[in-house]
Amino acid sequence: MADADGLERPAPAPTPARDWAAALDRGAAAPSAAAPAPAEQDLLRTDLYAKGKTVHNKRIDGPFRRFKWLVMLVTLTIYYATPWIRWDRGPYAPDQAVLVDLANRRFYMFDIEIWPHEFYFVAGLLIMAGIGLFLVTSAVGRAWCGYACPQTVWTDLFQHVDRFFDGDRNARMRLDKAPWGVTKTTRRLAKWAVYLAIAFWTGGAWIMYFADAPTLTADFWSGNAAPVAYATVAVLTGTTFWLGGFMREQVCIYMCPWPRIQAAMLDEKSLIVTYKDWRGEQRGSLKKAAKNPGAYGDCIDCAMCVAVCPTGVDIREGQQIGCITCGLCIDACDRVMKEVGRPRGLIDYATLEQCEAEAAGAPATPAWKALLRPRLALYFGVWAAIGAGLLFALGTRTHTDLTVSPDRNPPFMLLKDGSVRNAYTLRLRNMEARPRAMEVALVGLPKGAVMWTDAVSLENAAPTQTVDVPANATRVLRTYVMLPPGETASAFAFRLTSLDEHGEQDVTQTTFAQPASTMPGNE
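Residues numbered from 1 in each chain as written. Predicted model: local features only at pLDDT ≥ 70, side-chain atom pairs only at ≥ 80, totals over all residues. Heavy atoms only, no water.

> Give a description of the overall build of the chain that names residues and reports values.
Broken down by element type, the chain carries 18 helices and 14 strands. Buried positions account for 42% of the 523 residues belonging to the chain. Looking at the chain alone, contacts between residues at least 24 apart form 70% of all its contacts between residues at least 6 apart. When the accessible area of the chain is evaluated, it comes to approximately 28000 Å², of which 64% is carbon and sulfur surface. (Helix = DSSP H or I, 4+ residues; strand = E, 2+ residues; numbered from the N terminus. Buried < 20%, exposed > 50% of the residue type's maximum accessible area, 1.4 Å probe, protein only. Contact = heavy atoms within 4.5 Å. Areas by Shrake-Rupley, 256 points an atom, 1.4 Å probe, with all protein chains shown as cover.)

> Lay out the confidence of the model for the chain with the relevant residues and their values.
This prediction gives the chain a mean pLDDT of 86; 89% of its residues lie at or above 70. Below a pLDDT of 50 lies the segment residues 1-13, which in the model reaches 23 contacts outside its immediate sequence neighbourhood of four places, other chains included. Long-range and interchain partners of residues 20-33, a stretch whose pLDDT sits below 50, account for 15 contacts in this model, where long-range means more than four residues apart. (pLDDT = per-residue confidence, 0-100.)

> Give me the lowdown on the nonpolar core, citing residues and values where you can.
Counting 33 residues, the largest nonpolar core has V273, M304, I315, C329 and I347 as the members making the most contacts within it. For this core, the leading source of residues is helix α16 (residues 328-340), giving seven residues. One finds L477, A489, L496 and F512 within the second-largest nonpolar core, a separate group that totals 22 residues. (Core = buried A, V, L, I, M, F, W, Y, C linked by side-chain atoms within 4.5 Å.)

> Which residues make up the pairing of strand β14 (residues 505-511), and what values do they have?
Residues D506, T508 and T510 line the buried face of β14, whereas the alternating positions Q505, V507, Q509 and T511 sit on a face that is not buried. The antiparallel hairpin formed by strand β13 (residues 491-498) and β14 contains six residues in its connecting segment, where G503 sits at a positive phi of about 60°. (Pairing = 2+ DSSP bridges.)

> Lay out the pairing of strand β5 (residues 347-350) with the relevant residues and their values.
Burial along β5 is two-sided: the residues I347 and Y349 and D348 and A350 are all buried. Direction of pairing for strand β4 (residues 272-275) relative to β5: antiparallel, over a ladder of four bridges. For V273, the partnering residue across the bridge sits in β5 and is Y349.

> How would you sum up the side chain of N57? Please name residues and give values.
Note that N57 resides in the loop between α2 (38-48) and α3 (63-81). Beyond its immediate sequence surroundings of up to four residues, N57 is in contact with Q159, R163, D168, R169, R172, A307, V308, C309 and P310.

> Now, about the side chain of R279: what can you tell me, with residues and values included?
Its location among the elements puts R279 in helix α13 (residues 277-280). Assessed through its relative accessible area of 18%, R279 is described here as buried. A polar atom in the side chain of R279 sits 2.6 Å from the side chain of D298. Look past the residues within four positions of R279 in its chain and what remains in contact with it is G297, D298, M337, P343, R344, G345 and L346. (Polar contact = N/O pair within 3.5 Å; in protein donor to acceptor, adjacent residues only side chain to side chain.)

> Outline the pattern of salt bridges, supporting the account with residue identities and numerical values.
Applying the stated criterion across every chain yields a total of 32 salt bridges. As a salt-bridge pair, E432 and R434 come within 2.6 Å of each other at their nearest N and O atoms. Exposure remark for E432: the relative accessible area of 13% places this residue in the buried category. Each of the salt bridges in this network shares a partner with another, and the network as a whole consists of D162, D166, D176, R188, K191 and R248. (Salt bridge = Lys/Arg side-chain N within 4 Å of Asp/Glu carboxyl O.)

> Tell me about helix α7 (residues 169-177), residues and numbers included.
Among all positions in α7, only R169, N170, R172 and L175 are buried. Check the buried side of α7 and you find it contacts α6 (150-166), α8 (182-207) and α15 (304-307).

> Which residues make up the packing of aromatic side chains, and what values go with them?
Going through the model one piece at a time under the given rule, you end up with 29 aromatic pairs. Here the aromatic rings of Y79 and Y209 are separated by 6.1 Å at their centres, their planes lie at 35°, and the arrangement is tilted. Taken together, the residues Y79 in helix α3 and Y209 in the loop between α8 and α9 (213-222) connect sequence positions 130 residues apart. Classification of Y79 by relative accessible area gives buried; the value is 15%. Aromatic ring contacts, followed pair by pair, group Y79, Y80, W154, W201, W206, Y209 and F210 into a single cluster. Just above the ring of W115 sits the side chain of R106; from NZ or CZ to the centre is 3.5 Å. (Phe/Tyr/Trp six-rings, centres within 6.5 Å; stacked < 30°, edge-to-face > 60°. Lys NZ or Arg CZ within 6 Å of the ring centre and 35° of its normal.)

So this is what it looks like as structure tokens:
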């Protein structure tokens, strides 16, 4: 018989209906079987290490294909364009909207600036991303893999390049089998040149996130960029060219660990792309169905679902690790069902529970109802709580910060007049894009306690000192605190106050060390 592409293929053997009860019974033991003969063992080893076959997927149009177009357009635009967006933060901060400033240990995202000691914001975002993947997988299977995974997006882009140069599925298959000649060599070189341009652009866009994009571009092409920039572009160009242009579905099936993790997260209530075999079997062409009404199911065995699959799997064989839940087989099957006058949904998003009910004769259940269950609500609640906590922390944080480190050796100095002096290292952080004057004050020490710094002489010692801190900078201050003779203290605090309209404060507790002989009860 001939498939939708005009390729001759032998008529398939009848496929038995799937045992949904067995599929749902995850704990059932597999039936015992005799050990395979040596010849069978060799055959199994041969299949296990079989050479990979190139997947030439057919172009299809439909709701899921159009959604993939939209996701690809949005994600690629964000990736390539974001480093070039400008954002005014004043004269003392970079004007790139999104910047990972490793040299100054800053992360900028529009109005948000993350400092090294605020890494918990980054950790929170990573946790939210992980829980978000759990949520999406539990709800709609491997939708991340099918639409937004970088490997999927760039593979999709490279496949469209294939169609531009080599034509659709049948034309590409014929070209693969054709001997090397002028036409084939020219097409291959032109296509690979476009592959290389896309890969180079991808690697070049990545380094723009770590330095000012216009400046780095000029330095890169003039040969003045850092060696690490050229090395990074070279590595990313090579990996993008190879993984997106040639390995493609093999990355999803063999290299990526996420499919294995997702398989453990799916349950009988998860929406997955499913072939409804109780409706489609036994498969047969329209001619066979016309000759034997009632003997064949809705599947006309056109293999369109296989032809459009970007990983080359046959969804009619059930869920497989190669299925990325992109839904293109749904678009193809729905189009065929419309052409032959049969209802859509032979391949559709459905849960195992819904499939079992439909196979027993129950009416079809809307897919969205599968999203209303406690597990998803719990995932979403945890995800939203973490997000709300990060937003609260971001909204209530100050742009003034103080850390104090007392000297450990020696812990104190006993002066000849009986005074006791301690030394401290203060770090004053000004997290605003402007210089600010700040006041450092002693809190909790007896009257007469004073402090001074390396920049202020002992004659100008006082309970408070005013310090200028540059914009977006940390000023390290070597500070000395002295108690007058006869006074004692064990703990006190430094208070840092910004002398501007905000008047932000940060108070840090520390200790004051002194000889045991000066403490009460040791006279």
